[in-house]
Amino acid sequence: MSRELTRLLLDRRRFLVGAGAAIAGAVGAAPQSHAAEPFHITQGSFAVSVISDGHLVLPTRFLAPEIPSPEREAAFQSGERGQEQYASPTNVTLIRAGAELILVDAGSGSHFMPTAGKLAANLEAAGIRREAITQIVFTHGHPDHLWGTIDDLDDLTFPQARYVVAAAEWNFWQGDNALNGLPADRAGFVTGARRNYARIKNKVQMVKPGDEITPGIRVVDSSGHTQGHVSLEIAGADGLIIGGDALTHPVISFAHPQWRPAADHEPERAVQTRRRLLDRLATDRSKLIGFHLPYPGLGTVERKDGAFRFVPAT
Ligand SMILES: [Zn+2]
């Protein structure tokens, strides 16, 4: 795992060229990088949209490195079988709450992967100026959620926004455990998180699970993927959970919640969180938007064969 991720982060060009054929297959099965139309729903008193930030190209094995290859392959979607890489969509949620225009995560920006970082362009295509965003709530500090905070010119991408970060997540990335507790190949994640956080430190509000961002939008603990990972619960009807990276794959995260993806910082806690969240979603019949689920990432959860199943809304 470590060698592959290092290559991904430090030598992106060689990685992409060397894996060209496999990537072509994975990307061919992927949603569009630039969603032609943003996706809209109404949730209670909120207008909720999903804007694509493009997609990531990731080693397929990362989804469950401890599971024997044949068993892992059988769980993949047909377009992913036999591929060394797969395309993981990146769905950013936008909430209009009265006068507030709230983004949940800021996307990858231009320094992570060439297939991602399309959020600002896709917002503009939808007629939403970067200056109109009043608030950004981060689910966690990984590159595909945080690094879009800063634009190509090293300025704030969303210059008028205030920022909301879970205190546990902020403290993790700023603390010694980020460097000492993560594999060495993720040192770049720590540098990037600190660089982006430093730019917003005078405009940030710390929150904890249970807090309300604004009336009707509540922070939910979904830690494990990272130490302070949070989701958001939007009030209305049976509820809507914006899950972030608690559930990252439309089959594996639901049918095999006990499998441990390489991206989870605290694998056992992430398993517990997935089971708790899936049970809640299936029981309450709440809607879910998953950051990495097939665009727009919206669906519901059903129980199936002692585990769960994602039912896309579209
Ligand atoms: Zn992610």
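> What exactly am I supposed to notice about the side chain of Thr226 here?
Tracing the sequence through the fold places Thr226 in the loop between β9 (217–221) and β10 (230–234). With residues up to four places along the chain from it excluded, the contact list for Thr226 reads His140, His142, Glu169, Trp173 and His265.

> How should I be thinking about the pairing of strand β11 (residues 240–244) in this particular structure?
The side chains of a regular strand alternate between the sheet's two faces. Buried residues dominate β11, accounting for 5 of its 5 residues. Residues Leu240, Ile242 and Gly244 point to one face of β11 and Ile241 and Gly243 to the other, with burial holding for every one of them. Alignment of β10 against β11, held across 3 bridges, turns out to be antiparallel. Each bridged residue has a counterpart across the sheet, and for Ile234 the counterpart in β11 is Leu240. Where β10 hands over to β11, the hairpin turn is made up of 5 residues, of which Gly236 adopts a positive phi near 130°. In this sheet, strand β12 (residues 287–290) lies alongside β11 in parallel orientation, the contact comprising 4 bridges. In the sheet register, Gly244 faces β12, and the bridge partner there is Gly290.

> Can you help me understand empty space enclosed by the protein in this one?
Over the atoms a probe the size of a water molecule is rolled, and this reveals where empty space is left. Scanning all chains against the criterion turns up 5 cavities of 30 Å³ or more. Taken together, 26 residues line the largest cavity, and the ones lying closest to its centre are Leu56, Leu58, Phe62, His225 and Ala263. Among the secondary structure elements, those contributing two or more residues to the lining of the largest cavity are α1 (2–10), β2 (46–59), β3 (85–97) and α6 (143–146). Taken together, the residues that form the lining of the largest cavity break down as 15 nonpolar, 6 polar and 5 charged.

> Mind showing me how you'd approach the coordination of the zinc ion here?
For a metal with four donors in a tetrahedral arrangement, the ideal angle between donors is 109.5 degrees, while six donors in an octahedron ideally sit at 90 or 180 degrees. Each protein donor to the zinc ion is listed here as Asp144 (OD), His145 (NE2), Asp245 (OD) and His292 (NE2); together their distances run 2.1 to 2.2 Å. Seen from the zinc ion, its 4 donor atoms lie at angles of 87 to 169°, and the figure they make is irregular. Sequence positions of the donors to the zinc ion reduce to the motif D-H-x99-D-x46-H. Note that Asp144 is positioned in helix α6 and Asp245 in the loop between β11 and α10 (252–255), a separation of 101 residues in sequence. Judged by its relative accessible area of 3%, Asp245 falls in the buried class.

> Can you help me understand the side chain of Ser253 in this one?
Examined against the element boundaries, Ser253 turns out to sit in helix α10. Separated by 2.9 Å, the side chain of Ser253 and the backbone nitrogen of Thr248 make a polar contact. Beyond its immediate sequence surroundings of up to four residues, Ser253 is in contact with Leu247, Thr248, Arg274 and Leu278.

> How should I be thinking about the packing of helix α7 (residues 167–174) against helix α9 (residues 187–200) in this particular structure?
The geometry of a pair of packed helices is captured by two quantities: the angle between their axes and the separation between those axes. Relative orientation of the contacting elements α7 and α9 amounts to 120°, with a least axis distance of 9 Å. One element, α7, and the other, α9, form an angle in the oblique class. In terms of crossing hand, the pair formed by α7 and α9 is left-handed. Residues Glu169, Trp170, Trp173 and Gln174 of α7 touch α9, and the partners they reach there are Phe189, Val190, Ala193, Arg194, Tyr197 and Ile200. Considering only residue class, the contact of α7 with α9 consists of 7 nonpolar, 1 polar and 2 charged.

> When you look at α7 in this model, what are you seeing that I'm missing?
Buried within α7 we find Glu169, Trp170, Phe172 and Trp173. Along the axis of α7, the buried positions cluster into a sector of 160°, meaning they face one direction only. Looking at the buried residues of α7, the elements they touch are β6 (162–166), α8 (176–181), α9 and β7 (204–207).

> Would you take a moment to explain the pattern of salt bridges for this structure?
Side-chain pairs of opposite charge can arise where the charged atoms are in close proximity. Counted under the stated rule, the structure contains 15 salt bridges. Note that Arg130 is salt-bridged to Asp151, the shortest N-O span being 3.6 Å. Pair noted here: Arg130 is in the loop between α5 (119–125) and β5 (135–137) and Asp151 is in the loop between α6 and β6, with a separation of 21 residues, a long-range link. When its relative accessible area of 28% is taken as the criterion, Arg130 is described as partly exposed. A residue is classified by how much of its surface remains accessible, and Asp151, at 13% relative accessible area, is buried. Where salt bridges share partners, they join Glu66, Arg260 and Glu268 into one cluster.

Rules used throughout
Residues numbered from 1 in each chain as written. Predicted model: local features only at pLDDT ≥ 70, side-chain atom pairs only at ≥ 80, totals over all residues. Heavy atoms only, no water. Helix = DSSP H or I, 4+ residues; strand = E, 2+ residues; numbered from the N terminus. Contact = heavy atoms within 4.5 Å. Buried < 20%, exposed > 50% of the residue type's maximum accessible area, 1.4 Å probe, protein only. Pairing = 2+ DSSP bridges. 1 Å grid on protein atoms, 1.4 Å probe; cavity = no way out; pocket = protein on both sides within 12 Å on 5 of 7 lines; lining within 4 Å. Points joined across faces, edges and corners; volume = space filled by probe spheres on them. Nonpolar A, V, L, I, M, F, W, Y, C, P; charged D, E, K, R; others polar. Donors = N, O, S within 2.8 Å, 3.2 Å for Na, K, Ca; no water. Tetrahedral: all angles 85-135°; square planar, octahedral: opposite > 155°, others 65-115°. Polar contact = N/O pair within 3.5 Å; in protein donor to acceptor, adjacent residues only side chain to side chain. Axes fitted to C-alpha atoms, helices over the stretch in contact; angles between N-to-C directions. Parallel < 35°, antiparallel > 145°, perpendicular 65-115°, else oblique. Left-handed = near helix turned anticlockwise from the far one by under 90°. Arc of directions from axis to C-beta. Salt bridge = Lys/Arg side-chain N within 4 Å of Asp/Glu carboxyl O.

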